[in-house]
Amino acid sequence: MGEEKQKDTNKSQFIFGKKNYKFMFIGLACIALGFILMSGGGSDDPNVFNPEIFHWRRIRLAPMLVLLGFGIEMYAILLNPEK
């Protein structure tokens, strides 16, 4: 009987539930998309200035997506899956 109790207590349980992991993957996707949108805009020639680096997508949209992704990650960590 003691061995059966040990087997029951040794079963691995995940810390987070299915809902938590879903939100974590959504948050990671937002962060990755933000960094992808932030990339580019450079110039092949260092002596030539490319104004595309100051495009609204790189200045406003991409950082907001990254911050939104971090917010979703915090929500996913703090979410109680049992409610």
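Predicted model only: the values in this text are computed from it and were never measured.

*Asks:* Would you mind showing me how to read the overall build of the protein here?
*Replies:* Each helix and strand counted, the protein has three helices and zero strands in total. Walking the protein from its N terminus toward its C terminus, one meets helices and strands in the order α-α-α. Counting only residues that meet the buried cut, the protein has 22% of its 83 residues in that class. Within the protein, residue pairs in contact and separated by at least 24 positions form 71% of the contacts whose partners lie at least 6 positions apart.

*Asks:* Is there a simple way to think about a nonpolar patch on the surface in this case?
*Replies:* On the surface, Phe14, Tyr21, Phe25 and Leu28 cluster together into a nonpolar patch covering about 490 Å² of accessible area. Inspection of the secondary structure assignment puts phenylalanine 14 in the loop between helix H1 (2-9) and helix H2 (18-38).

Cut-offs and rules
Residues numbered from 1 in each chain as written. Predicted model: local features only at pLDDT ≥ 70, side-chain atom pairs only at ≥ 80, totals over all residues. Heavy atoms only, no water. Helix = DSSP H or I, 4+ residues; strand = E, 2+ residues; numbered from the N terminus. Buried < 20%, exposed > 50% of the residue type's maximum accessible area, 1.4 Å probe, protein only. Contact = heavy atoms within 4.5 Å. Patch = residues over 30% accessible without salt bridge, like charges linked within 9 Å, V, L, I, M, F, W, Y side chains within 5 Å. Areas by Shrake-Rupley, 256 points an atom, 1.4 Å probe, with all protein chains shown as cover. Salt bridge = Lys/Arg side-chain N within 4 Å of Asp/Glu carboxyl O.

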